[in-house]
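# Survey of secondary and tertiary structure
Listed below are the residues making up each chain.
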Amino acid sequence: MTVYTMAHIDVHDEEEYARYAELAGPAVQQYGGVFLARGGETVVMEGQARSRNVIIQWPDMDTAKAFYNGPEYQRALSHGLPAADRDYIFVEGV
């Protein structure tokens, strides 16, 4: 079943987060992920929001978890986690 990453991000260190993005993009591709949304205009209709939003499509939950726990993405996270406040969620599609 298709799985989606929903990431909501507030960056507080642009330079360090740029290094994260350089590493994260190729890791997503390596594991077969496809960016469906990466930035762009956001309109909040209800509730709270963060300044950046990303949606990634994965073939299945096992692949999504393998990506997140893989050495490539963990290397990216060493730059991303200290540079931003994030909510990072995997959700199964319908």
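Structure report, in brief. (Residues numbered from 1 in each chain as written. Predicted model: local features only at pLDDT ≥ 70, side-chain atom pairs only at ≥ 80, totals over all residues. Heavy atoms only, no water.)

### Structural notes on helix H2 (residues 61–69)
To be explicit about the condition: For every residue, the accessible area obtained with a 1.4 Å probe (protein chains only) is divided by the maximum for its type, and the residue is called buried under 20%, exposed over 50%, and partly exposed between those limits. Under the DSSP-based scheme used, a helix requires at least four consecutive residues in state H or I and a strand at least two consecutive residues in state E, with every element numbered from the N terminus. Regarding the arc, it is the one traced by the directions from the helix axis to the C-beta atoms. Polar contacts here mean pairs of N or O atoms no more than 3.5 Å apart (in protein, one a potential hydrogen donor and the other a potential acceptor; neighbouring residues in sequence count only if both atoms are side-chain atoms).
Listing the buried residues of H2 in full gives Thr63, Ala64 and Phe67. Across the axial projection of H2, the buried residues extend over an arc of 100°, all falling on one side. What points out from H2, more than 90 degrees from its buried face, is the exposed set Asp62 and Asn69. Two to three positions downstream of the cap, the backbone nitrogen of Asp62 sits 3.2 Å from a side-chain oxygen, assigning the N-cap of H2 to Asp60.

### Points about the packing of aromatic side chains
This is how the line gets drawn: The criterion for an aromatic pair is that two Phe, Tyr or Trp rings (for Trp, the six-membered ring) have centres within 6.5 Å, with stacked assigned to planes under 30 degrees apart, edge-to-face to planes over 60 apart and tilted to the rest. By definition here, charges over rings are those cases where NZ of Lys or CZ of Arg is within 6 Å of the ring centre and within 35 degrees of the ring normal.
Overall, the coordinates contain 10 aromatic pairs when judged by the stated rule. Ring plane angle 50° and centroid distance 5.4 Å describe the contact between Tyr68 and Tyr73, whose orientation is recorded as tilted. Linked through ring pairs, Tyr17, Tyr20, Tyr31, Trp58, Phe67, Tyr68, Tyr73, Tyr88 and Phe90 together constitute an aromatic cluster. A cation over a ring is seen here: Arg38 above Phe35, with NZ or CZ 4.0 Å from the ring centre.

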